Amino acid sequence: GAGVSQSPSNKVTEKGKDVELRCDPISGHTALYWYRQRLGQGLEFLIYFQGNSAPDKSGLPSDRFSAERTGESVSTLTIQRTQQEDSAVYLCASSRPGQQPNQPQHFGDGTRLSIL
Amino acid sequence: GEDVEQSLFLSVREGDSSVINCTYTDSSSTYLYWYKQEPGAGLQLLTYIFSNMDMKQDQRLTVLLNKKDKHLSLRIADTQTGDSAIYFCAGVFSGGYNKLIFGAGTRLAVHP
């Protein structure tokens, strides 16, 4: 498809395990964003990539969270030693470079992460 | 820091107009957006307004911006059951390039 693709769509894991979430942006979109959406809340910004560099990691909540991006394509968000408060929907968005709104962010359907 | 606030719930009758309100604290906003989220889905960009505008109309949607009061609203005319969703207000503020700051979302319920 032509949209942002995220996998898995759902992930259930035990507290203390590591998880990897994947995002495939739209082809040609050099900017990529990760957000977290806790139940009943808005989206919290986590990290922004331009190409494979991350000029803004200010939203990562702790050093258990990290993210990588390969070139201008796939990104993975890794959460180590998961805690119950990490349970949320993790949303990825991508856009062409440039200032919005000419280059709006297109969102994937998210990964719903549940920590038992 | 920037803060965006919305009322959490709105219920309207089918065919009526819906008005969803949003306030923000940072006066240096550049762009303000409305996104729609249906159950189990990602966010769909509905419309946006640049901070030097005070109104924008797009078919059934009207966005009003009051910069003095830092208040943004989304009016949906002739609300339909398919409009039932969560609506998020979001903004790009000073130094934020494309970093979006979101409100908590307003759940719109449309009943017959």
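From a predicted model like this one, the values you see are computed outputs, not experimental measurements. (Residues numbered from 1 in each chain as written. Chains lettered and ligands numbered in written order. Predicted model: local features only at pLDDT ≥ 70, side-chain atom pairs only at ≥ 80, totals over all residues. Heavy atoms only, no water.)

Visitor: Just checking my understanding: could you explain the interface of chain A and chain B for this structure?
Guide: One widely used convention gives an interface's size as the accessible area the parts lose upon coming together. Counting from both sides, the interface comprises 22 residues of chain A and, opposite them, 20 residues of chain B. At the boundary of chain A with chain B, total buried surface from both sides reaches about 1,700 Å², with 54% on carbon and sulfur atoms. Viewed at the interface, chain B and chain A are joined by zero salt bridges. In this assembly, chain A and chain B are joined by two residue pairs in polar contact (both at pLDDT 80 or more). Secondary structure elements with two or more residues in the side of chain A that touches chain B: β4 (31-37), β5 (43-50) and β9 (88-95) of chain A. Along the lines of polarity and charge, the residues of the side of chain A that touches chain B split into nine nonpolar, eleven polar and two charged. (Contact = heavy atoms within 4.5 Å. Buried area = accessible area lost by both parts, 1.4 Å probe. Salt bridge = Lys/Arg side-chain N within 4 Å of Asp/Glu carboxyl O. Polar contact = N/O pair within 3.5 Å; in protein donor to acceptor, adjacent residues only side chain to side chain. Helix = DSSP H or I, 4+ residues; strand = E, 2+ residues; numbered from the N terminus. Nonpolar A, V, L, I, M, F, W, Y, C, P; charged D, E, K, R; others polar.)

Visitor: Just checking my understanding: could you explain the sheet that holds strand β3 (residues 19-24) of chain A for this structure?
Guide: Sheets are built from strands paired through backbone hydrogen bonds, the pairs being either parallel or antiparallel. Residues and elements named next belong to chain A. Pairing within the open sheet is antiparallel, and its four strands lie in the order β1-β3-β8-β7. Two strands in the sheet have a free side with no partner beyond their single neighbour: β1 (5-7) and β7 (65-69). Each strand of the sheet is rotated relative to its neighbour by a mean of 15°, with strand direction disregarded. (Pairing = 2+ DSSP bridges. Axes fitted to C-alpha atoms, helices over the stretch in contact; angles between N-to-C directions.)

Visitor: Any chance you could explain the packing of aromatic side chains here in plain terms?
Guide: One pair of aromatic rings is described through two measures. These are the centre distance and the angle between the planes. Summed over the entire model, instances satisfying the criterion amount to 13 aromatic pairs over all chains. Plain terms: the ring middles of B:F88 and B:F102 are 6.2 Å apart, the flat faces sit at 85° to each other, and that makes the pair edge-to-face. In this pair, B:F88 sits in strand β9 (residues 85-92) while B:F102 sits in strand β10 (residues 101-102), placing the two residues 14 residues apart along the sequence. Take B:F88 and B:F102: they sit in the same class, and that class is buried. Through a chain of ring-to-ring contacts, three or more aromatic side chains come together here, namely A:Y33, A:Y35, A:F45, A:Y48, A:F107, B:Y31, B:Y33, B:Y35, B:Y48, B:F50, B:F88 and B:F102. Over the ring of B:Y48 we find B:K56; its NZ or CZ atom is 3.5 Å from the centre of that ring. (Phe/Tyr/Trp six-rings, centres within 6.5 Å; stacked < 30°, edge-to-face > 60°. Buried < 20%, exposed > 50% of the residue type's maximum accessible area, 1.4 Å probe, protein only. Lys NZ or Arg CZ within 6 Å of the ring centre and 35° of its normal.)

Functional significance is not addressed by these values, which are geometric in nature.
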